[in-house]
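As a plain string of letters, each chain reads:
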Amino acid sequence: MRPPMLLLMLFAAAAACGRPRDPEPGSLPSKYGLLTSSRWAYGAAFKKEDLKPVANTNPHPEPKPWRDHPFDLALTPDGKKAYVTLPGSEARPGHEVAVFDVAKRKVVKRITVGSSPWSIAAHPGGRFLVVLNRFSNYASVIDTASDKVTGEIPLDFYCMRLVHNKAGTRAYVSNRYLNQILVLDVDARGGAYRAAVRPLGGFDEAAFHDNLHQVLRRSCGALQCHGRTRGGFYAGDDARKAFFSALENSTAGDPAQSVLLRAALPAADNGFADDRAGNNMHAGGRSVWRKSSPDYRRAAAWIAAARQGPGIPVGNFGSKPYALALSSDERRLFVGNQGTQDISVVDLERGEEVTGIYTQNVITDLALHTSAGHDRLIALSMGIGFGAAKERDPYGGETSDRRQAAAQFTVLRDTSTTEPLPLKDQEVLGPFDAVDGTAASKMGDIQNDITVLDASRLRVPPRSPDGALSYALRANRYEAHADWVRYTSDSAEVLPQDAAGDISPELQRVVGAFPESLVVDGDRVFVVMLGTYELVEYRLSPRAGEPSELLTPVAVYPTGIMPRNVALGPRGTPAEGLALVTNYLGESVSVIDTRRGTSREYAVGGRSRPFPDTNAERGQMFVNTAVFSGDRDTSCMSCHIYDTSDARGWGAGQAIGQMRDGHFVNGGLLGIPQIKNLFAVQPFYFEGTHSAFAGQFDDAREHVPLQAFTAPNPQGDFTALRRPASARAGRAEHEEIQDKTSTASWGRSYLDLEERRDELIRRLTMRYFGKAFDFRDLQRFIGEFQAAETRLMPNPFDQRSPSAARGRLLFNDLAVGCVVCHKPPHFTDKSEPLYHNQSRVLPSLISFSPREGAFTLVGPHYMDGVNGYVRDLEPWEPGGVKRKGMVTTFSLRGLFDRPFVFLHHGRALSVRETFAVPDHYSLRKFKYSPLSGGEEVRPGGKERGFNEQSFLKEKTYMMDTHGATSQLHALQVQDLENFLLSIE
């Protein structure tokens with residue numbers, strides 16, 4: 001299919017880029033049938049490696065002191081020493097573990113380990129500690145008797161968490177980039193700790209040479225066919241080359257999805273060999289096999305016997321497993337995924353994932369409580385809401401008939417005044433794009449959850465006929481019953497704009513914001529609250545008659561800035577009753593005496609210049625905190641979890657219709673981009689209206705909405721404050737917030753409410769910064785933080801792999817067109833204007849729904865000009881106003897590390913979905929049929945290609961609008977995806 005005229009023009013404009021030279025010969029493919037680091041390349045011998053940090057794109061960043069960033073910790077069995085990992089930052093990784101003397105309350109030694117030591121796990125024997133080094137392909141073993149590194153375990157990059165079995169003979173490790181659990185055999189006898197990965201899965205090379213190679217040579221290996229490489233496949237006399245080709249054209253364990261078979265089968269047998277209308281048609285439209293043929297059955301059996309490896313795959317594409325919890329009988333491993341919205345359940349006897357638990361937000365930590373042989377799994381996450389309406393609008397607001405009284409409309413604005421256009425010039429919105437199960441909307445949907453699940457009642461549902469898994473539980477509602485109890489924020493309904501009565505008061509028991517980690521000790525559960533600098537103690541009552549009484553908060557202890565992990569002093573030791581908490585930004589450990597209720601901080605990291613020391617660090621504190629928000633619940637990190645996203649498309653804050661019963665109803669979706677490398681990719685937002693110093697400021701106002709100051713709020717009573725008359729001069733009564741609610745409904749003028757907010761910020765900044773700043777000052781700090789460092793993660797994939805090398809050629813091929821809009825080095829068009837388009841926006845190349853394009857986005861700089869506010873930041877930048885349908889080209893750097901939620905609407909759930917055309921032969925099945933708010937978004941559980949423009953009235957599609965990819969054969973699509981994942 002020919003690309004549309006727009007792309008043809010772009011191809012011509014980019015001709016000067018030229019075709020790059022062929023890549024240098026790379027390493028061999030992995031026998032596990034997927035892109036990996038070179039650690040798993042065919043025939044590779046293990047070699048210790050550290051990933052090199054990504055270079056900063058800001059040539060003149062604000063100078064910053066060294067920060068160790070204390071993260072994880074473990075105590076010795078006698079409670080005398082705590083070992084604290086010091087990972088540093090992405091740009092400046094650390095290489096040390098601090099030894100903290102609990103009695104003396106000070107660091108007595110530092111131990112050198114690998115790059116960016118992340119988590120630390122104690123062997124059940126108590127003597128040895130295993131340190132997982134995020135940027136190294138090995139773990140470090142510390143002997144606590146000598147406080148030295150006495151061994152190293154070959155692993156892979158981005159190993160995140162480790163859990164041992166009770167006997168200490170086996171360990172399970174979550175790997176973020178492979179989306180797998182690695183299984184380790186452990187031997188800690190004889191005064192030493194030794195461990196090695198037990199490689200699982202892979203394709204059987206011996207079986208290929210003994211049997212399948214002869215089949216392929218006989219069926220396909222003639223010189224005029226695949227005796228030489230044609231269509232990405234080789235079946236000639238070179239046995240090793242043929243084996244590699246079969247690997248790359250096969251999907252481990254799934255013959256029905258394997259290109260090797262589908263390319264040789266007719267359409268009647270789920271193939272495409274005879275599809276003369278498609279680009280993947282076999283030469284001459286010839287079908288080589290039928291499913292009944294013996295040769296097909298031999299090839300299918302070889303593929304079916306293979307499994308992905310080298311570990312146990314978990315979750316859907318890009319699951320990014322993290323937290324681990326082992327059942328009391330050690331038959332099941334529960335895996336908290338941070339790239340999807342679920343918990344994977346692994347059957348350890350079978351060595352495979354068998355079901356999952358849908359949670360509707362990413363899991364930050366897991367722990368198990370066992371009582372009388374009864375397991376309860378405790379899961380931490382953010383709330384289930386994502387800004388969309390709770391259910392189909394009972395008022396009929398989803399109508400497409402603009403004459404209906406309940407019809408909802410766009411919020412298109414006059415671009416000079418930014419006021420909404422008259423209703424006659426607005427468009428009706430029609431049906432919602434998604435629902436989320438809450439009555440709240442916009443950032444009122446940000447909450448903090450603890451879910452307690454009865455793991456003993458978990459039953460594995462049968463697989464579907466095509467092998468897909470089903471969720472055993474959908475624990476995505478605020479309910480209390482035998483299967484689960486889900487609690488949420490105690491401040492869920494405290495602000496005037498909150499939807500009251502939506503959640504039972506008995507379930508509003510989560511104290512603090514951003515539950516990050518937890519430990520269980522008897523009937524006590526201790527939860528670290530990253531966003532509000534607290535450790536919260538809960539009592540667990542497994543025999544409670546009322547399910548909602550299962551968990552009760554009993555105490556709250558202050559910590560340092562941005563706490564991350566907690567360890568408890570062992571019983572029967574002098575440390576009993578103590579809780580030690582690492583403070584990531586505070587560069588300290590808090591020692592909390594839970595019996596006396598005291599908490600004190602002690603330095604373990606770089607505190608020569610206490611945090612926050614610079615404007616960038618002040619901005620970092622705001623982005624990663626909830627203490628500045630109106631209800632102490634909300635932070636940038638609530639959606640941009642760990643500077644990426646929460647794996648969901650969010651209800652568009654601007655795409656609102658009319659007020660319904662005092663509440664806004666919105667049903668459009670917008671993707672949440674990562675907030676990394678922002679210095680180099682301005683202007684950002686999909687509509688290209690924001691610079692670094694205007695960036696999160698627009699959303700920061702949502703954290704402290706002016707509506708929150710119409711009445712007393714959790715931060716205090718500011719209702720008596722008025723803006724002085726002298727400060728009103730030249731200021732228009734023009735609201736800054738995008739929903740344009742009436743100031744009359746607030747009871748006070750906009751400027752008075754703004755004064756109340758500024759007073760809150762002055763008090764808080766005096767407390768945390770030692771100097772009073774107002775809300776405008778925070779804009780500068782957030783900008784400095786966004787521009788200071790890239791914070792991109794180094795890429796672990798083998799960029800020299802044959803597949804990634806072939807994909808690079810496709811990416812740079814002007815006939816495909818990717819490089820036209822995603823130009824290196826940042827793989828976007830923002831490094832220079834495109835056709836002198838200073839705001840770097842293009843008409844969307846991917847379909848909009850009516851609700852996704854329902855608003856005019858107004859940049860803060862532009863809004864300031866309308867409001868009569870004179871700026872001292874970026875005075876040369878006028879700001880932007882963008883009508884619907886105009887978007888910027890987002891950067892592809894760091895793609896591998898993001899949750900797989902892409903495009904402006906956040907609907908693409910894999911890298912392949914972003915550029916493949918609908919119904920392309922390369923599209924795969926999801927392991928679980930993806931859900932959004934509990935509703936299935938992929939009928940049939942298969943990927944959908946979004947390389948299309950939808951003409952809604954005609955119900956037809958124009959393809960090849962987002963690159964010319966319809967002509968690519970299935971292996972080329974895989975190659976292009978692998979190159980995109982390898983971009984650093």
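Residues numbered from 1 in each chain as written. Predicted model: local features only at pLDDT ≥ 70, side-chain atom pairs only at ≥ 80, totals over all residues. Heavy atoms only, no water.

Peer 1: Please explain the pattern of salt bridges as it appears in this structure.
Peer 2: Any two side chains of opposite charge can pair, given that their charged atoms come close. Following the criterion strictly, the structure yields 53 salt bridges and no others. The residue Lys 48 makes a salt bridge to Glu 152 at a minimum N-O spacing of 3.1 Å. Separated by 104 residues along the polypeptide, Lys 48 in the loop between helix H1 (5–13) and strand S1 (73–75) and Glu 152 in strand S8 (residues 148–154) bring together distant segments of the chain. Accessibility expressed as a relative area gives 45% for Lys 48, which makes it partly exposed. Taken together, the shared-partner salt bridges in this structure form one network comprising Arg 723, Glu 754, Glu 755, Asp 758, Glu 759, Arg 762 and Arg 763. (Salt bridge = Lys/Arg side-chain N within 4 Å of Asp/Glu carboxyl O. Helix = DSSP H or I, 4+ residues; strand = E, 2+ residues; numbered from the N terminus. Buried < 20%, exposed > 50% of the residue type's maximum accessible area, 1.4 Å probe, protein only.)

Peer 1: I tried to follow the pairing of strand S30 (residues 588–593) on my own but got confused; where do I start?
Peer 2: Side-chain positions along a regular strand alternate between the two faces of the sheet. Of all six residues that make up S30, six are buried, and the element is covered over most of its length. Residues Ser 588, Ser 590 and Ile 592 point to one face of S30 and Val 589, Val 591 and Asp 593 to the other, with burial holding for every one of them. Of the strand pairs in this sheet, strand S29 (residues 578–583) and S30 are connected by six bridges, and their pairing is antiparallel. Following the sheet pairing, Asn 583 is matched in S30 by Ser 588. Between S29 and S30, which pair antiparallel and follow one another directly, the connecting turn spans four residues, one of which, Glu 587, has a positive phi of 60°. Two elements, S30 and strand S31 (residues 598–603), share six bridges in a ladder whose sense is antiparallel. Among the inter-strand pairings, Val 591 is bridged to a residue of S31, identified as Arg 600. Here S30 folds back onto S31, and the loop between the two strands holds four residues, one of which, Gly 597, carries a positive phi near 75°. (Pairing = 2+ DSSP bridges.)

Peer 1: Teacher, can you tell me more about the sheet that holds strand S2 (residues 81–88) here?
Peer 2: Strands pair in a sheet through their backbones, by hydrogen bonds, and they do so in one of two ways: parallel or antiparallel. Read across the open sheet, the four strands follow the order S1-S2-S3-S4; overall the sheet is antiparallel. Taken across any chain shown, the strands that pair with only one partner, and hence form the sheet edges, are S1 and strand S4 (106–112). Each strand axis lies, on average, 25° off the axis of its neighbour in the sheet, ignoring direction. In the sheet, strand S3 (residues 93–101) pairs with S4 via six bridges, with the strands oriented antiparallel. Residue pairing in the sheet places Asp 101 in a bridge with Lys 106 of S4. (Axes fitted to C-alpha atoms, helices over the stretch in contact; angles between N-to-C directions.)

Peer 1: How should I be thinking about the nonpolar core in this particular structure?
Peer 2: Buried together is how nonpolar side chains tend to be arranged in soluble globular proteins. One finds Leu 184 and Phe 334 to be the most contacted residues of the largest nonpolar core, which totals 136 residues. In terms of residue count, helix H9 (residues 750–769) provides more of this core than any other element does, eight residues in total. Leave out the neighbours within four places in its chain, and Phe 334 touches Ala 323, Leu 324, Ala 325, Ser 327, Ile 343, Ser 344, Val 345, Leu 366, Leu 368, Leu 377, Ala 455 and Leu 458. Ranked by size, the runner-up nonpolar core spans 27 residues in total, among them Leu 216, Phe 243, Ala 264 and Trp 289. (Core = buried A, V, L, I, M, F, W, Y, C linked by side-chain atoms within 4.5 Å. Contact = heavy atoms within 4.5 Å.)

Peer 1: Where do I start with the packing of aromatic side chains in this structure?
Peer 2: The geometry of two aromatic rings is summed up by the distance between their centres and the angle between their planes. Counted according to the given criterion, the structure contains 33 aromatic pairs. Here Tyr 533 and Tyr 768 contribute two aromatic rings whose centre-to-centre distance is 5.9 Å and whose plane-to-plane angle is 85°, an arrangement assigned as edge-to-face. Taken together, the residues Tyr 533 in the loop between strand S25 (524–529) and strand S26 (534–540) and Tyr 768 in helix H9 connect sequence positions 235 residues apart. Tyr 768 shares its class with Tyr 533; the two are buried. Cluster of aromatic residues (ring-pair linked, three or more members): Tyr 533, Phe 622, Phe 628, Tyr 768, Phe 769, Phe 773 and Phe 781. (Phe/Tyr/Trp six-rings, centres within 6.5 Å; stacked < 30°, edge-to-face > 60°.)

Peer 1: Looking at this structure, I do not really get unusual backbone geometry. What am I missing?
Peer 2: Most peptide bonds adopt trans geometry, and most residues besides glycine take a negative phi value. Residue Pro 310 follows Gly 309 across a cis peptide bond; omega there is 5°. Looking along the chain, the bond that leaves Gln 682 and enters Pro 683 is cis, with omega of -5°. Positive phi, close to 60°, is recorded for Asp 960, a residue that is not glycine. Among the residues examined, Asp 960 registers a relative accessible area of 0% and is labelled buried.

Peer 1: Is there a simple way to think about the sheet that holds strand S28 (residues 563–568) in this case?
Peer 2: An order of S28-S29-S30-S31 is seen for the four strands of this open sheet, with the pairing classed as antiparallel. With partners counted over all chains shown, the strands left at the sheet margins are S28 and S31, one partner each. Between one strand axis and the next, the sheet turns by 25° as a mean value, whatever way the strands run. Direction of pairing for S28 relative to S29: antiparallel, over a ladder of four bridges. Residue Pro 563 lies in a different strand from S29, and its bridge partner there is Asn 583.

Peer 1: I keep staring at the confidence of the model for the chain and nothing clicks. Help me out?
Peer 2: Predicted coordinates in areas of low pLDDT are best not read in detail. When pLDDT is averaged along the chain, the result is 89, and 92% of the positions lie at 70 or above. Note on residues 655–663: pLDDT under 50 across the span, and 35 contacts to partners over four residues away in sequence or across chains. Every residue in residues 734–747 scores below 50 in pLDDT, and together they form 46 contacts with partners more than four places removed in sequence or on other chains. (pLDDT = per-residue confidence, 0-100.)

Peer 1: When you look at helix H13 (residues 860–867) in this model, what are you seeing that I'm missing?
Peer 2: Listed as buried for H13 are Pro 860, His 861, Met 863, Asp 864 and Asn 867. All buried residues of H13 fall inside an arc of 160° around its axis, so they share one side. (Arc of directions from axis to C-beta.)

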